[in-house]
Structures are given as C-alpha cells and as structure tokens.
Amino acid sequence: MTKVLGGSGSYNAKTGTYSYTAANPIPAVIGKVSPSVVGIIGKPLGYDDRYALSHGTGVIWKSDGWIVTNAHVVKDMAYLAVVTSDGKEYEGKRVYYDEKSDLAMVKIAAKNLKPAVFAASPLKLEVGESVIAIGTPVSFTLRNTATTGILSGMNRSTGSDYKLLQTDAAINPGNSGGPLVNLKGEVIGINSMKFVSDGVESLGFSIPTDTVRYVIQHFFKYGKVNRASLGVELEESWSAIVGLPSSDPLTIKNVKSDAAVKSGLKSGDALFAIAGQQVTSLVDVTETLKAFIPGQQVEVLVQSGGSLVTRKLTLSAG
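Quantities reported herein were computed from a predicted structural model and do not represent experimental measurements. (Residues numbered from 1 in each chain as written. Predicted model: local features only at pLDDT ≥ 70, side-chain atom pairs only at ≥ 80, totals over all residues. Heavy atoms only, no water.)

Asker: Help me understand unusual backbone geometry in this model?
Answerer: Glycine aside, negative phi is the norm for most residues, and most peptide bonds take the trans geometry. With an omega of -5°, the peptide bond between Ser121 and Pro122 qualifies as cis. Within the secondary structure, Pro122 is located in the loop between strand 8 (103-108) and strand 9 (130-135). Positioned with a positive phi, Asp102 is a non-glycine residue whose angle comes to about 60°. Mapped onto the elements of the fold, Asp102 is located in the loop between strand 7 (89-98) and strand 8. (Helix = DSSP H or I, 4+ residues; strand = E, 2+ residues; numbered from the N terminus.)

Here you go:
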C-alpha cells in the first residue's frame, strides 16, 4: 500500500491491525507543476517611469517556448520579460490575445521547457475537491507562490463571456495567468480574476481548460478566435440577469447580420435553443457557439408571432 499510495504505516501484531497515514500530495503536486509556471513582467504602454511595471503569470503550453496567460496581463505591456522557475530570463513576444476569453499566447526563444499537463476535455470536476493556485502575487519577487483551497463552484458567469470555475484558493494581483491545479497535477483552469471589496473574501475565478483549449486551437489554426455569431443582439430575462433559476428564453432586440435577416429572425422573437441546446443566458449562447465557426449553418428554435418555429441560420463572424 505504501509503495503504491505513498505515506507510512505500521502493523500491530497484538491487535492484528494496520495503521496507515496517508501522504500529503500537495508538496508533490507543487513540485511537479512549478517548473511549468513563469513570471511575466513588463512596462505598461504610456509610462516612462522605470519603476512603473506590471506583472502577471503564465503557464508553459509547449516545450519550444509557447506560454498561455491572460489577455489583460499582456495586452498593454511593452518589453515583456519572462522568467522561468529556474531563474532564467527571456524576452517575450505577445503573439495572440483575445479579450473576450481573456486569454493570450506569449512566445520566448527557448527549448526543452517543461509543458504543464492540462486536464482532458470535457473537464470532470467535483465541487469541494482540493485545488492549488500557483502564481506571482503582489510582487515579482514572490514568483511561484502556491496557495490551496477547494473548487467552490462551476459554470459561473460573473463578468465573463464564458463559464468560469470558482475557488477560495487565494488569488491576488499578479496571479492572473497562472494555473489552478488539481491533486493529479493537472491544470484545470487559468486564473483570471477575483472580487475585491470590504466583506468579500476568497472569491477567485479561473478560465476552465475546455475554453483554454478552444481558444488556443483557434489561435494556431486561424491566428485569432474565429468566433461564430448569430448576428443578432440578445437580451436576457430578468430572472437570468439576477441569477434566479430560469428556463426563460432570450429576447432578440436587434437583427444585425444579413444572414439573420434572411433566416426570418425578427426583433421581439424569443430564442429558446441553438442546435438543439437550450439557452437561457448570453453565456449559454457563447458556450454553445464554441462548437461552430462562421459560415456554418445551425437551427435555432424561436417563438415568433405567437408560434414556435425552427429557423435555419448561417452563422456570421462574432
């Protein structure tokens, strides 16, 4: 048992019992993942003060120098420097970034880096499981700081276009772009934001690896996120806006694309489903459309003029 699971144990011959003490996996996980975590520092555009610097964190995606981080970390950063866990410094180049997903890719001239292991998609997670956040909080001197907590919630949509993971592991300024890791040593999310307010504690959010994989695949294939759109402006129901359980449809407020007009969609129509998937929020729409690219055709279920009808719609670029 100890050989397979680690830990320690002893057998009491008098009572015929075996006492087992489980190993603490957290130090081993931190040791496994830390070499795949980097610090990113640079000068914000428009600032001449040599001490006016901003920083964040990144995760090694490929061994030849590709690093994933948050778009908000590098979007306005000039003269990027990337520091690996062994203290080596590289000049970084921002190659791709996407503000809707808050993800970006930075490239450094390096080889034989240790890529992180990203959890397989679709993610299989449980609320309450232990997680570890690794990053560069507050000061660049605090690179590869690890904090622990639990997965507090899933499918959150607070302030984002896509669903997020929620955690109570401490995430502070500078942790952005770093990994949220499970006890298998797999990256389950890229830390993106936290709520900071009097009386608010331990409320951090991460971009799940399902979305990370989707965005990076588009970066490498199209040079951008080739995002599909229905070509309409949508409004959520009151229940969805305030967070109540709701099966209410979305309302089409404006029809913007020629393809949407051609399909017969009209302002005031109620949108119930896309490609057979029920949608009740804007995040539901963006999540559903991850499976498509512009130019593809989908069926949408709408209520129009009192009748429930299916329209065929060619997706536009979003």
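Asker: In this structure, what is going on with the environment of Lys107? I would like to understand it.
Answerer: Counting through the fold element by element, Lys107 comes out in strand 8. Here the alpha-carbon distance between Lys107 and Asp258, two residues 151 residues apart in the chain, equals 39 Å. Apart from residues no more than four positions distant in its own chain, Lys107 is found in contact with Asp64, Gly65, Trp66, Glu91, Gly92, Lys93 and Val95. (Contact = heavy atoms within 4.5 Å.)

Asker: Explanation requested: the pairing of strand 9 in the structure shown.
Answerer: Along any regular strand, the residues point their side chains to alternate faces of the sheet. Most of strand 9 is tucked away, with 5 of its 6 residues classed as buried. Relative to strand 10 (residues 145-156), strand 9 runs antiparallel, the two being bridged by 6 bridges. If you follow Ile134 over to strand 10, its bridge partner there is Ala146. Where strand 9 meets strand 12 (residues 179-181), 2 bridges bridge the pair, whose relative direction is antiparallel. Pairing of Ile132 across the sheet is with Val181, part of strand 12. (Buried < 20%, exposed > 50% of the residue type's maximum accessible area, 1.4 Å probe, protein only. Pairing = 2+ DSSP bridges.)

Asker: Sorry if this is basic, but what is going on with the side chain of Asp269 here?
Answerer: Position of Asp269 among the secondary structure elements: in the loop between helix 6 (258-263) and strand 18 (270-274). The side chain of Asp269 is buried and forms no salt bridge, while Arg311, the nearest opposite charge, is found at 5.3 Å. Within the local environment of Asp269, its side chain forms a polar contact with the backbone nitrogen of Lys266, the two atoms lying 2.9 Å apart. Looking at Asp269, its side chain comes within polar contact range of the side chain of Ser304, at 2.9 Å. Apart from the residues within four sequence positions on either side, Asp269 is in contact with Leu250, Thr251, Ile252, Gly264, Val302, Gln303 and Ser304. (Lys, Arg positive; Asp, Glu negative; His and termini not counted. Salt bridge = Lys/Arg side-chain N within 4 Å of Asp/Glu carboxyl O. Polar contact = N/O pair within 3.5 Å; in protein donor to acceptor, adjacent residues only side chain to side chain.)

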